[in-house]
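Observations on the model geometry
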Amino acid sequence: KRPDNMIISLFNDGDALVESHTADPFDIIFLDVVMPLVNGIDAAAEIRTQDNNVKIIFLTFSKEFAYESYAVKADDYLLKPVDSAKFYAALDACYTDILEHEKCLTIRSTSGVHRINLQSIEHIEAQGKQVLFSLTDGRIIEAIEPFYTYESQLFLNDGFFKCHRSYLVNLYKISTY
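Within each chain, residue numbers correspond to sequence positions counted from 1 in written order. Whole-chain, interface and lining totals are the exception, using all residues; otherwise, since this is a predicted model, local features are given only for residues with pLDDT of at least 70 and side-chain atom pairs are given and counted only at 80 or more. Derived side-chain values reflect all non-hydrogen atoms in the structure, with water molecules and hydrogen atoms excluded from consideration.

**Structural notes on helix 1 (residues 14–23)**
The set of residues buried in helix 1 consists of Gly14, Leu17, Val18 and His21. Within helix 1, the buried residues cover an arc of 95° as seen down the axis, which keeps them to one side. In helix 1, the exposed positions angled more than 90 degrees off the buried face are occupied by Glu19 and Ala23. In this fold, the buried residues of helix 1 make contact with strand 1 (28–31) and helix 2 (40–50). The term polar contact refers here to a pair of N or O atoms within 3.5 Å; inside protein, the definition further demands a hydrogen-donor-capable atom paired with an acceptor-capable atom, and it admits residues adjacent in sequence only when both atoms are side-chain atoms. A run of H or I in DSSP counts as a helix once it spans at least four residues, and a run of E counts as a strand once it spans at least two, with each numbered from the N terminus. With a side-chain oxygen lying 3.1 Å from the backbone nitrogen of aspartate 15, the N-terminal cap of helix 1 falls on aspartate 13. Here the term buried applies to any residue with accessible area under 20% of the maximum for its type, exposed to any over 50%, and partly exposed to those in between, with areas from a 1.4 Å probe on protein chains only. Directions are taken from the helix axis to each C-beta atom, and the arc is the one they span. Any two residues whose heavy atoms approach within 4.5 Å at even a single point are treated as in contact.

As structure tokens, then:
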């Protein structure tokens, strides 16, 4: 199943792509090798220094860089003009891999059991015996397990930081502090 909504961003050079990905990471990047300023291989290498999970698919006229694409762990290397069946197969493979490796947390609440994607959690707050999960869609889920249960499950590698004894924040959702 393909996603219902997507955000597509276009960039004219590799520097702009790297800067934008650093600020707000993408799930899949389609990248040409030949670009002004920074070429696609160098842009992918820079992105890989920060993010080993993003999917990178090269779309290019240049056959000669296929070998270099292995060094940046490209998910695919398609030559232009791109065959639509190959394009959709590469996109579907990336999307399936993203779904399979999506990190989730199971939360028990008074209304049932919730499986929440870690990226949808803004912060977790302990208020006395209550543990409140604030989600990006505006919902707040009250968990019935104690705060330390989640504290031991969410690590800095997942993007969570304990900034106070009663708060875990998702660092990916912080724009300024």
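**Some points on the pairing of strand 3 (residues 76–79)**
Strand pairing follows a simple DSSP-based rule, namely that at least 2 bridges must link the two strands. Where strand 2 (residues 55–60) and strand 3 come together, 4 bridges link them in parallel fashion. Bridging across to strand 3, leucine 59 finds its partner in leucine 78. Assignment of crossover handedness uses the view with strands pointing away from the viewer, where a clockwise path from the first strand over the helix to the second indicates a right-handed crossover. This β-α-β element, strand 2 to helix 3 (residues 66–71) to strand 3, shows right-handed connectivity.

**Concerning the pattern of salt bridges**
The term salt bridge refers to a side-chain nitrogen of Lys or Arg lying within 4 Å of a carboxyl oxygen of Asp or Glu. Counted according to the given criterion, the structure contains 7 salt bridges. One salt bridge in this structure joins aspartate 158 and lysine 103, with 2.9 Å as the shortest N-O distance. Taken together, the positions of aspartate 158 in the loop between helix 5 (147–151) and strand 9 (160–164) and lysine 103 in the loop between helix 4 (84–100) and strand 4 (104–109) put the pair 55 residues apart, joining distant regions of the chain. The class of aspartate 158 is buried, set by a relative accessible area of 15%. The class for lysine 103 is partly exposed, based on a relative accessible area of 47%. A single salt-bridge network, built from bridges that share partners, covers Lys55, Asp75 and Asp97.

**With respect to the nonpolar core**
Leu105, Ile107, Ile121, Ile124 and Phe133 are the most contacted members of the largest nonpolar core, which totals 17 residues. Where this core is concerned, the elements lending two or more residues are strand 4, strand 6 (121–127), strand 7 (130–135), strand 8 (140–143) and helix 5. Ignoring sequence-local partners within four residues, the contact set of phenylalanine 133 consists of Leu105, Ile107, Ile121, His123, Ile124, Arg139, Ile140, Ile141, Ala143 and Tyr150. Residues enter a nonpolar core if they are buried and are Ala, Val, Leu, Ile, Met, Phe, Trp, Tyr or Cys, with the set joined through side-chain atoms within 4.5 Å. Counting residues in each nonpolar core, the second largest holds 16 residues, with Val33, Ile41, Ala43 and Ala44 among its members.

**Points about the packing of helix 1 against helix 2**
Remark: helix 1 packs on helix 2, axes separated minimally by 9 Å, with the N-to-C direction vectors making an angle of 15°. Here helix 1 lies roughly parallel to helix 2, going by the angle between them. Like other packed secondary-structure pairs, helix 1 and helix 2 cross with a definite hand, here right-handed. Taking contact as the criterion, the partners of Gly14, Leu17, Val18, His21 and Thr22 in helix 1 are, on helix 2, Ala43, Glu46, Ile47 and Gln50. Each residue is assigned to one class: nonpolar for Ala, Val, Leu, Ile, Met, Phe, Trp, Tyr, Cys and Pro, charged for Asp, Glu, Lys and Arg, and polar for all the others, Gly among them. Taken together, the residues of the contact of helix 1 with helix 2 break down into 4 nonpolar, 4 polar and 1 charged. Helix axes are fitted only over the stretch in contact, all axes being lines through C-alpha atoms; the angle between N-to-C directions runs from 0 to 180 degrees. Working rule for angles: under 35 degrees goes down as roughly parallel, over 145 as roughly antiparallel, 65 to 115 as roughly perpendicular, anything else as oblique. With the far helix as reference, a near helix turned anticlockwise by less than a right angle produces a left-handed crossing, and one turned clockwise produces a right-handed crossing.

None of the figures reported here should be taken as evidence of function without further support.
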